[in-house]
Amino acid sequence: MSDQGPRTAISLTGHSRLVGLFGWPVEHSISPPMHNAAFSALGMDWCYVPFAVPPECLPDAVRGVRALGLAGVNATVPHKQALLSLVDALTTEAQAIGAVNTLLLGEQTVGHNTDAAGFMRALRETGFAPESRHVLMLGAGGAARAVGYALLTAGATLTILNRTEERAAALAQDLKTVVAGAIVEAGSLEPGVLSAHAHQADLVVNTTVVGMSPHSAGCPWPVGVPYPAGVPLFDLIYTPPETRLMALARQSGAHATNGLTMLVHQGAEAFRLWTGVEPPVDIMLQACLHALGRS
Ligand code: NAP
């Protein structure tokens, strides 16, 4: 996104603390305006900086932010897996999910994953309590690992359907290994299999990229399979604000939520870790909407 609206006025001092984002690319990210709006609203002498880090430079970048005394960084595509082996310690979540999206730099460099907590906060905000409920998750990529882990540790049961069935089966197996007693099944995201599982779901979560801008005409739900009437949908995509799958769910009378609140809550969780301060979540959401041209 080339225009993210008016820039936040930041005045740095000799005491300013820095945090930031490792990505490749990072230009599209709305995390800088989101975090800087929060620092500004709280009058904190902190600043969040985007760092375009080529994959081969990631080890140097980790050493660099340690040397420079940053409080922490977020990480996005393609660095989340590579960071696993570049930290001193991993949280239980980061280890179980197999991805690091937040570094906390102190005496040790600790790899966290705030995507799972961010998803769960955003889901609970919709009024859905996952305990003992059955969730149909479309997709088995990186985001699905965090979402699946969050749902299973909260006490939900899970069916994972993915275009590449072997990947769904592998994720189900991994999740069973890391979450004791987890009930997970896997299959192929094709009309017959989806029809058989759709009516058993209490919630549908889309973790595939299908329908994301600029390919917003796409829909992971195959034509000809009715969406289960009234079953809520959480779509991790937030551009466009309403995917074709969300429209399909709403037409069935269901509540449909996009992924922007998950993005905000994973950021809020990182903010808490770095600063020890409760973040102004509403202001972070407003900053994101502004950066996306929706306010
Ligand atoms: P990823 O690891 O690349 O996984 C992509 C997933 O999409 C895989 O399951 C893949 O299936 C599936 N897929 C791709 N093309 C498909 C097609 N034509 N038909 C059916 N399935 C297809 O990506 P990711 O990092 O998990 O991200 C997935 C989505 O979540 C993205 O839209 C991302 O923006 C969003 N996300 C949102 C947040 C948030 O905070 N809201 C956080 C993380 C991610 P195969 O295995 O068959 O390739």
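With that settled, consider the packing of aromatic side chains. With the rule as written, the count across this model stands at six aromatic pairs. For the pair Trp-221 and Tyr-227, a centre-to-centre distance of 5.0 Å together with 50° between the ring planes defines the contact as tilted. Grouping residues by exposure puts Trp-221 and Tyr-227 together as buried. Taken together, the aromatic side chains of Phe-39, Trp-46 and Phe-271 make up a single cluster linked through ring pairs.

Further remarks concern the pairing of strand β2 (residues 46-52). As paired elements, strand β1 (residues 17-23) and β2 share seven bridges and run parallel to each other. Bridge assignment links Gly-23 to a residue of β2, and that residue is Ala-52. For the handedness criterion, the β-α-β arrangement of β1, helix α1 (residues 31-42) and β2 is classed as right-handed.

Looking now at the pattern of salt bridges. One pass over the full model with this rule turns up nine salt bridges. The closest approach of N and O atoms between Arg-133 and Asp-202, which form a salt bridge, is 3.7 Å. In this pair, Arg-133 sits in the loop between α4 (115-125) and β7 (134-138) while Asp-202 sits in the loop between α7 (191-198) and β10 (203-206), placing the two residues 69 residues apart along the sequence. Arg-272 is the partner of Glu-278 in a salt bridge, and the nearest nitrogen-oxygen pair spans 2.9 Å.

Turning next to the pairing of strand β9 (residues 184-188). Sheet topology places strand β8 (residues 157-162) next to β9; five bridges connect them, and they run parallel. Residue Asn-162 lies in a different strand from β9, and its bridge partner there is Ser-188. A crossover connection joins β8 to the parallel β9 through helix α6 (residues 165-178); in handedness this β-α-β unit is right-handed.

As a further point, take α1. Its twelve residues give α1 an end-to-end C-alpha distance of 17 Å, which sits within 8% of 16 Å, the value for a rise of 1.5 Å per residue. Judged by how many residues are buried, α1 sits mostly within the fold: nine of twelve residues are covered. All of the buried residues along α1 are Ser-31, Pro-32, Pro-33, Met-34, His-35, Asn-36, Ala-37, Ala-38 and Phe-39. In this structure, the buried side of α1 is in contact with β1, β2, β3 (72-75), α9 (260-275) and α10 (281-291). Note on α1: the residue one or two positions beyond its end, Gly-43, has a positive phi of about 65°.

Here we take up the sheet that holds β7. Strand pairing within a sheet occurs via backbone hydrogen bonds; the two strands may be parallel or antiparallel. Spatially, the six strands line up as an open sheet ordered β9-β8-β7-β10-β11-β12, and their pairing is parallel. Strands with a single pairing partner mark the edges of an open sheet, and in this sheet they are β9 and β12 (256-257). Pairing of β7 with β10 involves four bridges; the strand directions are parallel. For Leu-138, the partnering residue across the bridge sits in β10 and is Asn-206.

Close contacts around the ligand come from 20 residues, with Gly-142, Ala-143, Asn-162, Thr-164 and Arg-167 the closest. Contacts to the ligand include Ala-140, whose backbone N or O atom sits 2.9 Å from an oxygen atom. The separation between an oxygen atom of the ligand and a polar side-chain atom of Arg-163 is 2.9 Å. Here the ligand has 920 Å² of accessible area as a free molecule, and 75% of this is covered by the chains. Where the shell around the ligand is concerned, the elements lending two or more residues are α5 (142-153) and α9. Across the shell around the ligand, the residue classes break down as ten nonpolar, eight polar and two charged.

Parameters at a glance
- Residues numbered from 1 in each chain as written.
- Predicted model: local features only at pLDDT ≥ 70, side-chain atom pairs only at ≥ 80, totals over all residues.
- Heavy atoms only, no water.
- Phe/Tyr/Trp six-rings, centres within 6.5 Å; stacked < 30°, edge-to-face > 60°.
- Buried < 20%, exposed > 50% of the residue type's maximum accessible area, 1.4 Å probe, protein only.
- Pairing = 2+ DSSP bridges.
- Helix = DSSP H or I, 4+ residues; strand = E, 2+ residues; numbered from the N terminus.
- Right-handed = clockwise from strand over helix to strand, strands pointing away.
- Salt bridge = Lys/Arg side-chain N within 4 Å of Asp/Glu carboxyl O.
- Expected span 1.5 Å × (residues − 1).
- Contact = heavy atoms within 4.5 Å.
- Near = heavy atom within 4 Å.
- Polar contact = N/O pair within 3.5 Å; in protein donor to acceptor, adjacent residues only side chain to side chain.
- Areas by Shrake-Rupley, 256 points an atom, 1.4 Å probe, with all protein chains shown as cover.
- Nonpolar A, V, L, I, M, F, W, Y, C, P; charged D, E, K, R; others polar.

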